Amino acid sequence: MIFKKDSMKILFVATEAAPYARVGGMGSVMHDLPVALSKLGNDVRLMIPKYLDVGKDLNLTLEAKGLEVPTGNKEKDQFFFCDVWKLQAEGKKDDAVTTYFLDNQEYFGSRANIYGYADDPVRWALFSRGVLEFLRFGSWMPDIIMTNDWHTGFLPNYFKSDYSMLEKFKGVSSVFCIHNLYFQGNFRHRFADEIDLDDGRSPIPAFEDPRLLQLNGMRRGIMYADAINTVSPTYAKEILTPEYGEGLGELLIERKENLSGIINGVDYKVWEINDDKLLASRFSAKDLEKRVANRKKLAEDLNLEITDNTFIIGILSRMSAQKGFDLLNPVLKSLLRELDIALVVVGEGDQRYMEFFNELAEKFPKKVSVNFRFDPKLPHLAFAGVDSVLIPSKFEPSGLTQMEAMHYGSVPIVRKTGGLADTVVDYSPNNKESNGFVFSKFDSFSMLISVMRAYENFRNKPVWIKLQKTGMNRDFSWDRSAREYMILFNKVKQSVKSNILNPKPKGVLHD
Ligand code: GLC
């Protein structure tokens, strides 16, 4: 592959990445963003752990055998041994991303799940340090090491304290991306006493030291990375406040100058309305009338009784408190009872929300369809068939659903927070950019007002079509976001370079 003259070498480090191992939105981003940056002519690579079954059907080559990763034990020189497997990017394809898989039988190879083990912090510390050891002894060195969420937050810490001063790492920067500040490690920061909180200043304990389990990987990533990014401009501002800061707001204010926010994108290759084989009828913003067939097919497949006037609302989401489902209970039954509304629920997660939706479906069998099984196909027809998607999130760092939905011509009803606030513009007759319905306060009645506004305007076809078209025509491409990442990475690279040329005077303490 030929890279552009001013191209960069970027290594993404994460615990999940589609299609190899994915649980949530971060896993999708770890596929789409590296590909988009590669398309811009950069040498982009990715490194994830090799969990059980990962790579079984891939053509992997052994890149490093018996890599010795120091455990950090001060008394004895101890190591955990890892292998690194490589999946070479395919030939000349400009969106090819070479992927490395870090293998350790005990901590990754024998684990079927990505998350949820009592020793997770040990696993992520090993992974973080393993990546740095791999780079230290390998032949390829990135300009930027891009780490993601608390799990890989240990890496910027190790990097600053043990690696950045080594000749081999000269000019290398670490960037830490926050996808969700709520998760900070095994340690339950929301319920802990001040005194028990990890202040991030002590060295990372050795892998076998139980204190490692108490570390806050999120705090450490924020403290030690050269730059911090999060997945939308609004979330980057919100996390500076006590309401959204999850106990790290003050630290983030300290690092404000190095904090940015770049919205995620939509993978237009996966979500391609003109060529989506999972649709009953393909369409575009120019021939929206063709979309109607999808509406009918969706209702048919899910046994819903609808007419042209029924307002179909979709909820396509991980079922967790973050997504604002607690707002639904007080109002949803009345809405379904009083109005010509149908509801399509797709997703899985917390038991209590699934039970709530199951009860609704029992009560309104012809109006409500719940789909908790994993089905990669259904969201396509659902986005193309529902009239609106409802996303009442308590917080939403970026959110992908609203963008995918708009791209497919459904009009989002969202709470004004994080990436939802950055992508959805509330309906107002004179605002040409309006593409949805937005409410501010996190309460059921505010949400109800938006749903009713959407319901009424759905009946006014010219208005509704304009909302649909505005959403469909807006650029949510990864290409746009990747260009913003390049500006950020260049800035970080420049500032690390100028630090090398003009080092801070020795003997002056910066605290
Ligand atoms: C997390 C956030 C979500 C974001 C995703 C990818 O899942 O909750 O808002 O879109 O990460 O960055």
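Parameters and conventions
- Residues numbered from 1 in each chain as written.
- Predicted model: local features only at pLDDT ≥ 70, side-chain atom pairs only at ≥ 80, totals over all residues.
- Heavy atoms only, no water.
- Helix = DSSP H or I, 4+ residues; strand = E, 2+ residues; numbered from the N terminus.
- Rg over C-alpha atoms; globule rule 2.2 N^0.38 Å.
- Buried < 20%, exposed > 50% of the residue type's maximum accessible area, 1.4 Å probe, protein only.
- Contact = heavy atoms within 4.5 Å.
- Areas by Shrake-Rupley, 256 points an atom, 1.4 Å probe, with all protein chains shown as cover.
- Lys, Arg positive; Asp, Glu negative; His and termini not counted.
- Charge placed at Lys NZ, Arg CZ, Asp CG, Glu CD.
- Near = heavy atom within 4 Å.
- Polar contact = N/O pair within 3.5 Å; in protein donor to acceptor, adjacent residues only side chain to side chain.
- Nonpolar A, V, L, I, M, F, W, Y, C, P; charged D, E, K, R; others polar.
- Domains from an automatic or database assignment.
- Pairing = 2+ DSSP bridges.
- Axes fitted to C-alpha atoms, helices over the stretch in contact; angles between N-to-C directions.
- Salt bridge = Lys/Arg side-chain N within 4 Å of Asp/Glu carboxyl O.

Enquirer: How would you explain the overall build of the chain if you had to name every residue and give the values?
Expert: Each helix and strand in the chain was counted, giving 16 helices and 15 strands. In terms of overall dimensions, the chain is globule-like: its C-alpha atoms have a radius of gyration of 24 Å, near the 24 Å expected for 511 residues. Its C-alpha atoms give the chain principal-axis dimensions of roughly 70 × 55 × 45 Å. In the chain, which comprises 511 residues, the proportion classed as buried is 58%. In the chain, once contacts between residues fewer than 6 apart in sequence are set aside, the share between residues at least 24 apart is 73%. In the structure as shown, the chain presents an accessible area of about 23400 Å², 52% of it carried by carbon and sulfur atoms. When the 67 positive and 68 negative side-chain charges of the chain are each reduced to one mean point, those points stand 4 Å apart.

Enquirer: Pulling in residues and values, what's your account of the site of the ligand?
Expert: What surrounds the ligand is a group of 14 residues, the closest being His179, Asn264, Glu396, Ser398 and Gly399. Here an oxygen atom of the ligand sits 2.9 Å away from a polar atom, N or O, in the side chain of Asn264. Gly399 has a polar backbone atom sitting 2.9 Å from an oxygen atom of the ligand. Relative to its free-state accessible area of 310 Å², the ligand is covered by the protein chains to the extent of 93%. When its residues are assigned to classes, the shell around the ligand shows 5 nonpolar, 7 polar and 2 charged. Taken together, domain 1 (9-21 + 35-46 + 114-265 + 479-496) and domain 2 (273-472) each give at least three residues to the shell around the ligand, which thus spans both.

Enquirer: Lay out the sheet that holds strand β14 (residues 411-415) with the relevant residues and their values.
Expert: The strand order across the open sheet formed by 6 strands is β12-β11-β10-β13-β14-β15, and the pairing between neighbours is parallel. Among the strands making up the open sheet, the edge pair consists of β12 (368-371) and β15 (437-439). Neighbour-to-neighbour, the strand axes of this sheet turn through a mean angle of 15 degrees, independent of strand direction. Where β14 meets β15, 3 bridges bridge the pair, whose relative direction is parallel. Directly across from Arg415, in β15, lies its bridge partner Phe439. The strands touched by helix α11 (residues 378-385) are β10 (311-316), β11 (341-346), β12 and β13 (388-391); relative to β10, the strand with the most contacts, the crossing angle is about 145 degrees. Along the sheet, helix α15 (residues 461-473) contacts β10, β13, β14 and β15; its crossing angle with β14, the most-contacted strand, is approximately 75 degrees.

Enquirer: A description of the pattern of salt bridges should follow, citing residues and the corresponding values.
Expert: Taken as a whole, this structure holds 22 salt bridges when the rule is applied. Across the pair Lys160 and Asp226 runs a salt bridge, and its minimum N-O distance is 2.9 Å. Placement of the pair is Lys160 in helix α4 (residues 154-163) and Asp226 in the loop between α5 (217-224) and β8 (227-230), with a sequence separation of 66 residues. For Lys441, the salt bridge is made with Asp443, and the minimal N-O distance between the two is 3.7 Å. One salt-bridge network, in which partners are shared between bridges, spans Asp275, Lys277 and Arg282.

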